[in-house]
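Fold and geometry: a report
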Amino acid sequence: MADLKKMANGIRMLAIDAILNAGEGHQGVPLGMAEIAAVLYARHLKADPAAPLWPDRDRVVLSNGHGSMLLYAVLHLSGYAQMPIGALKSFRRLGSVCAGHPEMEQQAGIEITTGLLGQGIASAVGMAIAEARLSARFGPGLVDHRTWAFVGDGCLQEGMGQEAVSLAGHLGLGKLTFLWDDNHITDDGDTALSISEDVAARFRAADWQVAAVDGHDVEAVSAAIDAAGDDPRPSLIACRTTIARGIPRLEGQRGGHSAPLCAEDRMAAARRLDWPYPAFEVPEDVYADWRATIERGQAARTQWEARRTASSHAPAFARWQELTLPDVWPRLMVDVLAQAQSQEKPLPTIDASGQVCDALARDLPEIMVLCADLEAPTNHKRRRQAFSAENRNGSYVHCGVREHLMGAMANGIAAHGGLRPVNVTYLAFADYERAALRMAALMGLPVIFVFSHDSIGVGSNGPTHQPVEILASFRAMPGMTVFRPADGVETAACWRIALEKTDGPSLLALSRQPAYPVLNEQVPSRCGRGAYLLRQPEKPRDATIIATGTEVALAVAAEKELAAQGLAVAVVSMPSWELFEAQHPAYQAQVLDSAPRVAIEAALRFGWNRWLRETDAFIGMTGFGASDKAEVLYEHFGITSRRIVETVTELCRKRTA
């Protein structure tokens, strides 16, 4: 029988050695949760280090990511090939798989990037939702696994932590278990400094199964995990622990969190834990106990592979896992674009997006829509069934007013694999989700973030709901592809690009105000380059107007009036700066030309100097919006075709003067 205490001490000493070697780190979590991790992996976890991407493996999330050496030590001891002892020796060093906080590397057993407290447990809820949806679609023979999250006090104090607890309980995610490191210590000291409520009672109120155990009693922890597996509700196991257990100078103290360690601490821990081995050395009997834990997972994977081979679902399951689009995809997009091109009346681009999402529902059932309490104004549910405690086949999650959770949950679904999450809310609430969008970009997850109400076109809801600076902030985010389409055709084309892209997130900023029905039927073949000539004069240009979103229609109207005045003006639609930035300079020069340029966007100028020169002009916002109808606000702030005409005329006059 495995010596669980010695297995736990192996975690402790490897963590101490790695932190000492790096000169910094957080010892509190790996020393305090060592027994919990040892029990989970030795007796309960379903995983196979030889096949780290096995789709039916249990998912483990280290939400309290500062304690990353807990995860790295466990993965090394369990035998993950990409987590050799040399990786632990390079902890916190450039290029190491053992980064300061876990960064997603699923081949090494790191399921998702964590660190910003709350993101991890919210992502874990997304993983549990993905498992439930996939199990309903393909059956428990192919999908039947659990999601485990190591959780600290900080994760539960963050507001999104309560959002996660609330929705997971409402949805009855019974295969989700939080292992809470209940050590009563934060970086400031005792948790009593800032919190006095009964945390476990919050979980009970949200319909979670709750157990309280001594986190250093391996049998008590194991029994609580067994009970969690037998309960249809999500489970919280409150593990009362001692922070930095094993280091006499720090255990149970504020400094146990991350105070610098010294050689004397290592010697004292080795004496306390009866560990007479040099740094980074683990005795063979401990390795043997840890490696024995993988036999259960190997047997489960072998049985699973036999079931997959015999399953009629195998081809579809493989396509979903590989994020491969179906064979009908080219024809499907022809139909979707034809529908957009046939639109005869002005339509908000958020409604055009809803039409696309609806048209894809049958042939791309792997799309999973997550929406805030905005079903009617965003219009992306339509014929989709709601995912609920009673219906796991639903592809639309009513997230309620929980945007902080929703963005991170979308990341968890994407990191789990097998589904394409689409996150839907207003652009003004994107700042609630900013950390999640940043994490999606950092991990390169193919999440599609659909944001409506993209500008002052929101109208009389007022400046609180009129984003003027948000586009610029996300365009500045590395790895994020931002789209602001001009009409229904561009919207459909941007959806196509986003779904064909599997190496990072996409953001669609869409309008509440109606867009001109069809500006150019040749759009689909051009949107992929980020910007293209929507209107091109037959003679050399006098000026170029560049616009995004519904302002493109204003540019087209201005071009017609300028043409009547004898000016040769081109109109450039620029739905995606990032895609245009990636084009060859020759193409960029062809589109932008050397003539005077006027850019128009109902947002701040910040960032536009990438495409404008000192002598060029920008028409847009210079501050926050106001409350009134959209057409009144566009007139009030001077974002009109008349002003474009005046500005272009003045630039051309100066050029010829």
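Let me begin by describing the structure that accompanies this report. Predicted model, so just to flag it, every value in this text is computed and none were measured.

All right, on to the overall build of the protein chain then. Of regular secondary structure, the protein chain possesses 27 helices and 20 strands. Taking the principal axes of the C-alpha coordinates as reference, the protein chain spans close to 90 × 55 × 45 Å. In the protein chain, buried positions account for 62% of the 657 residues. For the protein chain, restricting intrachain contacts to residue pairs at least 6 apart in sequence, the fraction spanning at least 24 positions comes to 78%. Accessible area of the protein chain: about 24200 Å², with a carbon and sulfur share of 51%.

Looking now at the nonpolar core. By size, the foremost hydrophobic cluster in this structure holds 163 residues, and its most contacted members are Phe-178, Trp-208, Leu-360 and Trp-495. Per-element accounting of this core gives the leading share, 11 residues, to helix H6 (residues 119–138). Each residue touching Leu-360, except ones within four places of it in the same chain, is listed here: Trp-329, Leu-332, Met-333, Val-336, Ile-367, Trp-495 and Leu-499. Grouped together as the second largest cluster of nonpolar side chains are 67 residues, Leu-14, Ala-18, Leu-88 and Val-218 included.

Attention shifts here to the packing of aromatic side chains. Overall, the coordinates contain 18 aromatic pairs when judged by the stated rule. Taking the centre distance of 6.3 Å and the plane angle of 85 degrees together, the rings of Phe-178 and Phe-203 count as edge-to-face. One end of the pair, Phe-178, is in strand S3 (residues 176–182); the other, Phe-203, is in helix H9 (residues 199–205), and 25 residues separate them in sequence. Each of the two residues, Phe-178 as well as Phe-203, counts as buried. When the ring of Trp-608 is compared with that of Phe-618, the centres are 6.0 Å apart and the planes differ by 40 degrees; the resulting orientation is tilted. With Trp-608 in the loop between strand S19 (597–604) and strand S20 (617–621) and Phe-618 in strand S20, this residue pair connects regions lying 10 residues apart in the sequence. Summarising the burial analysis for this pair, Trp-608 and Phe-618 share the class buried. An aromatic cluster is present here, built from Trp-577, Phe-580, Tyr-587, Trp-608, Trp-611 and Phe-618 joined pairwise through their rings. Above the ring of Trp-148, the side-chain terminus of Arg-146 is found at 5.4 Å from the ring centroid.

Attention now moves to the side chain of Arg-133. Mapped onto the elements of the fold, Arg-133 is located in helix H6. Here Arg-133 sits buried without a salt bridge, and the closest side chain of opposite charge, Glu-366, lies 7.1 Å off (N-O distance). Residues within four places of Arg-133 in sequence aside, it is in contact with Trp-320, Pro-365, Ile-367, Met-368, Phe-387, Arg-392, Asn-393, Gly-394, Ser-395 and Leu-419.

Let us now look at the environment of Gly-297. With respect to the element layout, Gly-297 can be found in helix H13 (residues 294–310). Its relative accessible area of 0% is what places Gly-297 among the buried residues. Separated by 251 residues in the primary sequence, Gly-297 and Lys-46 have C-alpha atoms spaced 4.9 Å apart. Ignoring any residue separated from it by four or fewer positions in sequence, one finds Gly-297 in contact with Ala-47, Asp-48 and Trp-54.

Attention now goes to the pairing of strand S1 (residues 59–62). Of the two faces of S1, the one holding Arg-59 and Val-61 and the one holding Val-60 and Leu-62 are both buried throughout. Relative to strand S2 (residues 147–151), S1 is paired through 4 bridges, and the arrangement is parallel. Bridging from a neighbouring strand, Val-61 pairs with Ala-149 of S2.

Think of two packed helices as two axes; the pair is described by the angle between the axes and how far apart they sit. Across the interface, helix H1 (residues 4–22) lies against helix H3 (residues 34–44) with an axial gap of 8 Å and an inter-helix angle of 120 degrees. Overall, the two elements H1 and H3 adopt an arrangement that is oblique. For the element pair H1 and H3, the recorded crossing hand is right-handed. Contacts between H1 and H3 involve Leu-4, Lys-5, Met-7, Ala-8, Ile-11 and Arg-12 from the former and Ala-34, Glu-35, Ala-37, Ala-38, Val-39, Ala-42 and Arg-43 from the latter. When the residues that make up the contact of H1 with H3 are grouped by side-chain class, the tally is 9 nonpolar, no polar and 4 charged.

Here we take up the pairing of strand S7 (residues 235–240). Within S7, 5 of the 6 residues are buried, which leaves it mostly tucked inside the rest of the structure. Both S3 and S7 contribute to a ladder of 6 bridges, which runs parallel. Along S7, the bridge assignment pairs Leu-179 with Ile-237. At this point the chain moves from strand S6 (residues 209–214), through helix H10 (residues 218–230), to the parallel S7, and the crossover so formed is right-handed.

What follows is about helix H25 (residues 585–592). For H25, the set of buried residues is Tyr-587, Gln-588, Val-591 and Leu-592. Down the axis of H25, the buried set is contained in an arc of 120 degrees. They therefore lie on one face. Contact partners of the buried residues in H25: strand S16 (532–535), strand S17 (543–547), strand S18 (569–573), helix H24 (577–581) and S19. Positive backbone phi, at 65 degrees, marks Asp-593, one or two positions downstream of H25.

Ordered by their spatial adjacency, 5 strands build an open sheet running S16-S18-S17-S19-S20, and the pairing between neighbours is mixed. The two strands at the open ends of the sheet, each matched to only one other strand, are S16 and S20. On average, each strand axis in the sheet is inclined to that of its neighbour by 25 degrees, with strand direction left out of account. In this sheet, S20 lies alongside S19 in parallel orientation, the contact comprising 4 bridges. Its bridge partner being in S20, Val-598 is matched across the sheet by Ala-617.

Further remarks concern the pattern of salt bridges. The tally for this structure, following the rule as stated, stands at 30 salt bridges. We note a salt bridge from Asp-431 to Arg-434, for which the minimum N-O separation is 2.5 Å. If you follow the salt bridges from partner to partner, you end up with Lys-5, Arg-12 and Glu-35 in one network.

With 13 residues, helix H15 (residues 329–341) should cover 18 Å at 1.5 Å per step; its first-to-last C-alpha distance of 18 Å lies within 8% of that length. What H15 keeps buried is the set Trp-329, Leu-332, Met-333, Val-336, Leu-337 and Ala-340. Viewed end-on, H15 has its buried residues packed into an arc of 130 degrees, placing them on one side of the element. Along H15, the residues that are exposed and aim more than 90 degrees away from the buried face are Pro-330 and Val-334.

The subject of this paragraph is the sheet that holds S7. Pairing in this open sheet of 5 strands is parallel, and the strands run S1-S2-S3-S7-S6 from one edge to the other. In the strand order of this sheet, the two ends are held by S1 and S6, each with one partner. Strand-to-strand twist across the sheet, computed as the mean angle between neighbouring axes with direction ignored, equals 15 degrees.

Applying the stated criterion across every chain yields a total of 0 disulfides. Sulfur of Cys-98: no disulfide; nearest cysteine sulfur belongs to Cys-155 and is 20 Å away. In this structure Cys-155 is a free cysteine whose sulfur lies 14 Å from that of Cys-239, the closest cysteine sulfur available.

Rules of the game
Residues numbered from 1 in each chain as written. Predicted model: local features only at pLDDT ≥ 70, side-chain atom pairs only at ≥ 80, totals over all residues. Heavy atoms only, no water. Helix = DSSP H or I, 4+ residues; strand = E, 2+ residues; numbered from the N terminus. Buried < 20%, exposed > 50% of the residue type's maximum accessible area, 1.4 Å probe, protein only. Contact = heavy atoms within 4.5 Å. Areas by Shrake-Rupley, 256 points an atom, 1.4 Å probe, with all protein chains shown as cover. Core = buried A, V, L, I, M, F, W, Y, C linked by side-chain atoms within 4.5 Å. Phe/Tyr/Trp six-rings, centres within 6.5 Å; stacked < 30°, edge-to-face > 60°. Lys NZ or Arg CZ within 6 Å of the ring centre and 35° of its normal. Lys, Arg positive; Asp, Glu negative; His and termini not counted. Salt bridge = Lys/Arg side-chain N within 4 Å of Asp/Glu carboxyl O. Pairing = 2+ DSSP bridges. Axes fitted to C-alpha atoms, helices over the stretch in contact; angles between N-to-C directions. Parallel < 35°, antiparallel > 145°, perpendicular 65-115°, else oblique. Left-handed = near helix turned anticlockwise from the far one by under 90°. Nonpolar A, V, L, I, M, F, W, Y, C, P; charged D, E, K, R; others polar. Right-handed = clockwise from strand over helix to strand, strands pointing away. Arc of directions from axis to C-beta. Expected span 1.5 Å × (residues − 1). Disulfide = S-S within 2.5 Å.

Read these as layout, nothing more, since geometry by itself doesn't imply function.
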